[in-house]
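# Close look at the chain arrangement
The residues making up each chain are set out below.
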Amino acid sequence: MSVVVYTESENGKLKKNAFEVASYAAEVAKQLGTSATAVSINCKENELLGDYGITKVLNVTSDTLSTFNAKAYAEVVASAVKNESATITIVSSSADTKFMAPLLAASLDAGYVPNVVDAPESTSPFIVKRTVFSNKGFAHTAINSENKLVGVSNNAFGAIENKVTATIEDFTVALSDNAFNTKSTEIDKVVGKATIADADIVVSAGRGLKGPENWGMVEELADILGAATACSKPVSDLGWRPHGEHVGQTGKPVASNLYIAIGISGAIQHLAGVSSSKTKVVINTDPEAPFFKAADYGIVGDAFEVVPQLIEKLKDFKAQNS
Ligand code: FAD
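Residues numbered from 1 in each chain as written. Predicted model: local features only at pLDDT ≥ 70, side-chain atom pairs only at ≥ 80, totals over all residues. Heavy atoms only, no water.

### Some remarks on the overall build of the chain
- Each helix and strand in the chain was counted, giving 8 helices and 17 strands.
- By the compact-globule yardstick of 20 Å for 322 residues, the chain fits well, its C-alpha radius of gyration being 21 Å.
- For the C-alpha atoms alone, the extent of the chain along its principal axes is close to 60 × 40 × 40 Å.
- The buried share among the 322 residues of the chain stands at 49%.
- Residue pairs at least 24 apart in sequence account for 64% of intrachain contacts in the chain once pairs closer than 6 positions are excluded.
- Surface exposure of the chain reaches about 15,500 Å², of which carbon and sulfur atoms provide 51%.
- One finds the centroid of the 28 positive side-chain charges in the chain at a distance of 3 Å from the centroid of its 36 negative side-chain charges. (Helix = DSSP H or I, 4+ residues; strand = E, 2+ residues; numbered from the N terminus. Rg over C-alpha atoms; globule rule 2.2 N^0.38 Å. Buried < 20%, exposed > 50% of the residue type's maximum accessible area, 1.4 Å probe, protein only. Contact = heavy atoms within 4.5 Å. Areas by Shrake-Rupley, 256 points an atom, 1.4 Å probe, with all protein chains shown as cover. Lys, Arg positive; Asp, Glu negative; His and termini not counted. Charge placed at Lys NZ, Arg CZ, Asp CG, Glu CD.)

So, in structure tokens, the structure goes:
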């Protein structure tokens, strides 16, 4: 028996969340006195998983799986779980995996708990802590079925180095006839920019910026920091920014290490999407803006004065430290 973890990759490279779920799987395996096996698809750097406690990797190489397909990927992971006779499966809480996980749970007849933020509190019964009510609270949830599926929140458990040697085995899966009942025929993706889901730093702006013509300084700040850009809901509703940048309860969740909020009031629906971010910096003219209560650092000031100064300081810092 082992713990199986699905480690996501893109263009052959492991995603940041792959190291987090690998670390989580290694911890669960340690608690159970067993080992952790990863299953990866078209990944070219599987050996790195050994740095995070994975002792075996089942590597699937297949052109038909070159783009994400929930049903087909669920079949691959289910097949790996059966191959290892595992009863505990770990996945991330990425958008793709949240799409795949219910199919995987159904196929394994497993109890599924997403948004888990900590190592299991107990393994018998198996109890995990997860976020609920748009990250406003926690639930301690027991998974009572024999097979268990745990979705770990991004940036919650962290990537914990624990060097072992990972043996890498080729793994082939005979996919069912209906694995590709749906198929993406074309994917348009923003290239060359950090994405909100994977970014370590997110620079986000709201209606306080007055209009789309003022986003140049937001993009410049993001460029200097290697950050993704994001916005509040009204900003995308007004068409100032693309909908893909809208963060919050009805938009994307952000679990970055640094979230800089410029001219955003901090309404509860916005905060729901950013509460998993580690450090929040708020720039707002109104000292009573609710966002300051959730901030780690706050600057009461006009964005049109503060942001250009911040950009200049960061440029100086980079020039001195390059
Ligand atoms: P505002 O509330 O207008 O705030 C602008 C802020 O900018 C103010 O705090 C102001 O002091 C500050 N400001 C003004 N000028 C400057 C300046 N020069 N420099 C610095 N600061 C300045 N919102 C989301 O963001 N995400 C969601 O997912 C979401 N989901 C929702 C779901 C529902 C069902 C509902 C009802 C609402 C939802 N909202 C969501 C909307 C939310 O309630 C707020 O209306 C919205 O977040 C406010 O956006 P804002 O902070 O950009 O704008």
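### Comments concerning the site of the ligand
- Close to the ligand lie 26 residues; Ser232, Thr250, Ser265, Gln269 and Asn284 are nearest.
- Measuring from an oxygen atom of the ligand, one finds a backbone N or O atom of Arg207 at 2.8 Å.
- Val247 places a main-chain nitrogen or oxygen 2.8 Å from a nitrogen atom of the ligand.
- Burial of the ligand by the surrounding chains reaches 74%, relative to a free accessible area of 990 Å².
- Counting atoms within 2 Å of the grid points, the majority share of the ligand lands in the second largest pocket.
- Going through the elements one at a time, helix H5 (233-237), helix H6 (268-274) and helix H8 (303-321) are the ones with two or more residues in the shell around the ligand.
- Its residues assigned to classes, the shell around the ligand shows 6 nonpolar, 15 polar and 5 charged. (Near = heavy atom within 4 Å. Polar contact = N/O pair within 3.5 Å; in protein donor to acceptor, adjacent residues only side chain to side chain. 1 Å grid on protein atoms, 1.4 Å probe; cavity = no way out; pocket = protein on both sides within 12 Å on 5 of 7 lines; lining within 4 Å. Sits in = over half its atoms within 2 Å of the grid points. Nonpolar A, V, L, I, M, F, W, Y, C, P; charged D, E, K, R; others polar.)

### What about helix H3 (residues 95-108)?
- Here H3 spans 20 Å end to end across 14 residues, near enough to the 20 Å set by a 1.5 Å rise per residue.
- Residue Ala101 marks the point of greatest curvature in H3, where the axis turns by about 30 degrees; the proline Pro102 follows within four residues.
- Among the residues of H3, Thr97, Met100, Ala101, Leu104, Ala105 and Leu108 are the ones counted as buried.
- For H3, the elements touching its buried residues are strand E1 (2-6), helix H2 (70-83), strand E6 (88-92), strand E7 (111-116) and strand E11 (148-152).
- Asp109 occupies a position one or two residues after H3 and carries a positive phi of about 55 degrees. (Expected span 1.5 Å × (residues − 1). Bend = angle between axes of the 7 residues up to and from the residue.)

### Points about unusual backbone geometry
- In this structure, the amide linkage connecting Ser124 to the following residue, Pro125, adopts the cis form with an omega of 0 degrees.
- Inspection of the secondary structure assignment puts Pro125 in the loop between strand E8 (122-123) and strand E9 (126-132).
- The residue Asn11 is not glycine, and still its phi comes out positive at about 50 degrees.
- Here Asn11 is to be found in the loop between strand E2 (9-10) and strand E3 (13-14).
- The backbone of Lys210 shows a phi angle near 75 degrees, a positive value even though the residue is not glycine.
- Note on placement: Lys210 falls in the loop between strand E13 (201-205) and helix H4 (216-225).

### A look at the nonpolar core
- Counting residues in each nonpolar core, the largest one holds 30 residues, and the members touching the most others are Tyr24, Ile54, Ile90 and Val150.
- When contributions to this core are tallied by element, the ones reaching two or more residues are E1, helix H1 (16-32), strand E4 (35-41), E6, E7, E9 and E11. (Core = buried A, V, L, I, M, F, W, Y, C linked by side-chain atoms within 4.5 Å.)

### Some words on the sheet that holds E13
- If you walk across this open sheet you meet the 5 strands as E14-E13-E15-E16-E17, and the pairing is parallel. Looking at strand neighbours, the two that pair on one side only are strand E14 (228-231) and strand E17 (297-300), the edges of this open sheet. Strand after strand, the sheet turns through a mean of 15 degrees between neighbouring axes, direction not considered.
- Sitting on the sheet, H4 touches E13, E14 and strand E15 (258-262), and the angle it makes with E13 is about 175 degrees.
- Across the sheet, H8 touches E15, strand E16 (279-284) and E17, and the angle it forms with E16 is around 130 degrees. (Pairing = 2+ DSSP bridges. Axes fitted to C-alpha atoms, helices over the stretch in contact; angles between N-to-C directions.)

### A look at the domain arrangement of the chain
- Each domain of the chain was delimited in the assignment, giving domain 1 (3-170) and domain 2 (201-321).
- On a C-alpha basis, the centres of domain 1 and domain 2 stand 32 Å from each other.
- The interface of domain 1 with domain 2 comprises 5 residues on the first partner and 9 residues on the second.
- Carbon and sulfur atoms make up 38% of the surface buried where domain 1 meets domain 2, a total of about 610 Å² over both sides.
- By the criterion of area lost to domain 2, the three top residues of domain 1 are Ser134, Asn135 and Asn155, representing 69% of everything that side buries.
- If you look at where domain 1 meets domain 2, you find 0 salt bridges.
- Inspection of the domain 1/domain 2 interface yields 4 residue pairs in polar contact (both at pLDDT 80 or more).
- The class makeup of the residues in the side of domain 1 that touches domain 2 is no nonpolar, 4 polar and 1 charged. (Domains from an automatic or database assignment. Buried area = accessible area lost by both parts, 1.4 Å probe. Salt bridge = Lys/Arg side-chain N within 4 Å of Asp/Glu carboxyl O.)

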